[in-house]
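# Overview (structure and organization)
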Amino acid sequence: LHHNTSTPHLILMDHKNIQQILNEIDSKDPIYFLTEVYESDLCTNSCKLIPLLEYKTYDKYFSLLKKSTISENFNFIEDIDSPRWLRELRSKITVFANYDRIVISLKCKTETEVMKMCKILSREYYSERLCCFFILDQKTKTFCIQNSMFKQQLCKGLSVNVLTENGWGSFNRFECSDAHENIPQSKNIPVVSYDNLDLHYLGINTNNQWLENKTKNIDIKEIDYAGLVDNKKVMGLAEYNQVSLKIIPDEILKWTIPSDWTLEDAVTVPLAYLLAYLTLNLNTTVKEDETILVNPGYSFIGQAMISVALKMGANVFTTTDNEQQTAFLINRFPKLHKSQILSSTRNSFDIEILMATKGLGVTLIINFQN
């Protein structure tokens, strides 16, 4: 999850002078103190500080302290516990648009599940406002802000709070800029079986299982590629042979790359636009002014479907998850009006389509939502 965009300050000092520093510093940025105290509550009680981390050795405590802060402009979404938890959360978030902080509690069974949910939540446009409580302790049945245990943890201002049978914990995400130097190379990366092709890029999708060294029985059929043939930029589709670990470019499904495209851009095109062409021209024939729905529209296949459908003169409706995706599609497709882009987080977009089409609805729905 995203953390507060304010700049944090870490001060190393004796605990006796902390109160004086707090009185003199006038800053809205979060301030942390790393100090040595002789009793764990000596400093926190007098200065109203919250210990984030503590380490004890003999009669001394080493503490990382933070001033107790809690936004007055916050609201709660309690006990989200359903298979469609993200959809449920999105529907409730829209009601709390004016709140600086949104506190949510979610039931989980394992720490792995917590990390997966955090990764999903980090992609949401409202993630910077979230304060998440994950309840792993089976003895704690529900989140209650009136409970001092939860209230004290909330004052720490952490984005992720995990309660286990051993107490409170948290997760944080760190970027390792040099991590790529230590990543082992996969033994299953395929080679290209095409004499004249200087391969530069391969498309990656959910079926590219050779990225995992332990994967067996790889079943990949078509894959995008982009490269040079006789110093000319080309893109196309290739077949992957799982026995020989070779990529065999298709002689027909290849195209010259426009001069103003990069190879990196071009590798994203072949499979998506071929699927769009097959869907809208062969599997069904979309007529001019025909109304269709593409769900969702922000994915690479969705964008290809919208592009081809608009080129054919269709009246296109599509869906997105948030305002950022909507703004992207409007910028990407000037012919697409905002009224034609509906929110997938609301269950009423079918009614909105009927209203927009005066009750006629759509004649074709292209759906590849999981």
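Residues numbered from 1 in each chain as written. Predicted model: local features only at pLDDT ≥ 70, side-chain atom pairs only at ≥ 80, totals over all residues. Heavy atoms only, no water.

As annotated in an unreviewed UniProt entry, the protein carries the name Fatty acid synthase pseudo-KR domain-containing protein and is attributed to Clastoptera arizonana.

## Comments concerning the confidence of the model for the protein
Confidence in the prediction of the protein, expressed as mean pLDDT, is 76, and 73% of residues score 70 or more. Long-range and interchain partners of residues 208-218, a stretch whose pLDDT sits below 50, account for 24 contacts in this model, where long-range means more than four residues apart. (pLDDT = per-residue confidence, 0-100. Contact = heavy atoms within 4.5 Å.)

## With respect to unusual backbone geometry
Peptide bonds are mostly trans, and most non-glycine residues show a negative phi. In this structure, Pro296 follows Asn295 across a cis peptide bond, with omega equal to -5°. Within the fold, Pro296 resides in the loop between β15 (291-295) and α8 (300-311). Backbone geometry places Asp289, a non-glycine residue, at a positive phi of 70°. Looking at where Asp289 falls in the secondary structure, it is placed in the loop between α7 (270-283) and β15. (Helix = DSSP H or I, 4+ residues; strand = E, 2+ residues; numbered from the N terminus.)

## Remarks on the environment of Asp137
Mapped onto the fold, Asp137 is located in the loop between β7 (130-135) and α5 (148-154). For the pair formed by Asp137 and Leu163, sequence separation is 26 residues and the distance between their alpha carbons is 6.0 Å. In this view, Asp137 contacts Leu163, Thr164 and Glu165; residues no more than four positions away in its chain are not counted.

## Some thoughts on the sheet that holds strand β17 (residues 341-343)
On the basis of which strands lie adjacent, the open sheet formed by four strands has the order β17-β16-β15-β18 and parallel pairing. Each having just a single partner strand, β17 and β18 (364-367) make up the two edges of the open sheet. With strand direction ignored, the average angle separating the axes of adjacent strands in the sheet is 20°. Of the pairings in the sheet, the one linking β15 to strand β16 (residues 315-320) comprises four bridges and is parallel in character. Within β16, the position partnered with Ile292 by the bridge is Val316. Relative to β16, helix α9 (residues 323-332) is tilted by about 150°, and along the sheet it contacts β16 and β17. Strand contacts of helix α10 (residues 349-356): β15, β16 and β17, with the helix running at about 150° to β17, the strand carrying the most contacts. (Pairing = 2+ DSSP bridges. Axes fitted to C-alpha atoms, helices over the stretch in contact; angles between N-to-C directions.)

## Concerning the side chain of Glu290
In this fold, Glu290 is placed in the loop between α7 and β15. Of the buried charged residues, Glu290 lacks a salt bridge, with Lys287 as the closest side chain of opposite charge at 6.5 Å. A polar atom in the side chain of Glu290 sits 2.8 Å from the backbone nitrogen of Lys287. In contact with Glu290, not counting residues within four places along its chain, are Thr285, Ala314, Asn315 and Thr363. (Buried < 20%, exposed > 50% of the residue type's maximum accessible area, 1.4 Å probe, protein only. Lys, Arg positive; Asp, Glu negative; His and termini not counted. Salt bridge = Lys/Arg side-chain N within 4 Å of Asp/Glu carboxyl O. Polar contact = N/O pair within 3.5 Å; in protein donor to acceptor, adjacent residues only side chain to side chain.)

## Here we look at the pairing of strand β12 (residues 222-229)
Counting buried residues in β12 gives seven out of eight residues, a clear majority hidden from the surface. Pairing of strand β11 (residues 197-202) with β12 involves five bridges; the strand directions are antiparallel. In the sheet register, Tyr201 faces β12, and the bridge partner there is Ala226.

## Looking at the packing of aromatic side chains
On inspection of all chains with the given rule, the structure shows three aromatic pairs. When the centroid spacing of 5.6 Å and the interplanar angle of 80° are considered together, the rings of Phe133 and Trp168 count as edge-to-face. Residue Phe133 is located in strand β7, and its partner Trp168 is located in strand β9 (residues 167-169); the two are separated by 35 residues in the primary sequence. Relative accessible area serves as the criterion here: at 0%, Phe133 is assigned to the buried category. An aromatic cluster is present here, built from Phe133, Phe150 and Trp168 joined pairwise through their rings. (Phe/Tyr/Trp six-rings, centres within 6.5 Å; stacked < 30°, edge-to-face > 60°.)

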